[in-house]
Amino acid sequence: MSKHTQAHLTRKIERFRSEDYKQLKKEQMEYYMGAKLLEVGVDPNSVVYRWSMQVSDNNEEWTCSAYWADSKDKLLQEEGA
């Protein structure tokens, strides 16, 4: 069985919320993602993080993605880094 080399965390935030509230939620998501990575034995400082957002109706759907090992190498190669 192959090991996972990426993880994604998605949350919906109301669009009318203040920027301070949104920043707090983003920080909470980053903290939670780091804790989950530690649980599965991945160093949160060795991964590449990417954020995406989609708007629908009155919500913003944020996704925090973490890539390591083969997925990290592939992502960086695709981005030309």
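As the structure is a prediction and not an experimental result, all values here were calculated from the model. (Residues numbered from 1 in each chain as written. Predicted model: local features only at pLDDT ≥ 70, side-chain atom pairs only at ≥ 80, totals over all residues. Heavy atoms only, no water.)

### Things to note about the environment of L75
Here's step 1: Tracing the sequence through the fold places L75 in helix α2 (residues 69-79).
Here's step 2: With a relative accessible area of 12%, L75 lands in the buried category.
Here's step 3: A C-alpha to C-alpha distance of 19 Å links L75 and W62, two positions 13 residues apart in sequence.
Here's step 4: Once you skip the residues sitting within four places of it in the chain, L75 turns out to touch V48, R50 and Y67. (Helix = DSSP H or I, 4+ residues; strand = E, 2+ residues; numbered from the N terminus. Buried < 20%, exposed > 50% of the residue type's maximum accessible area, 1.4 Å probe, protein only. Contact = heavy atoms within 4.5 Å.)

### A few points about the side chain of T63
Here's step 1: Examined against the element boundaries, T63 turns out to sit in strand β3 (residues 59-67).
Here's step 2: Within the local environment of T63, its side chain forms a polar contact with the side chain of T10, the two groups lying 3.1 Å apart. (Polar contact = N/O pair within 3.5 Å; in protein donor to acceptor, adjacent residues only side chain to side chain.)

### Quick notes on the pattern of salt bridges
Here's step 1: Taken as a whole and assessed by the stated rule, the structure comprises five salt bridges.
Here's step 2: Among the salt bridges present, the one from R17 reaches E14, with a minimum N-O distance of 3.2 Å.
Here's step 3: Residue classification places R17 among the partly exposed positions, given a relative accessible area of 32%.
Here's step 4: For E14, a relative accessible area of 28% translates into the label partly exposed.
Here's step 5: One salt bridge connects E39 with K36, and the closest N-O pair in it is separated by 3.2 Å. With E39 and K36 both in helix α1 (residues 19-39) and three residues apart, the pair spans about one turn of that helix.
Here's step 6: When its relative accessible area of 35% is taken as the criterion, K36 is described as partly exposed.
Here's step 7: When salt bridges that share partners are traced, they join E19, K22 and E60 into one network. (Salt bridge = Lys/Arg side-chain N within 4 Å of Asp/Glu carboxyl O.)

Everything listed is a geometric property; what it means functionally is a separate question.
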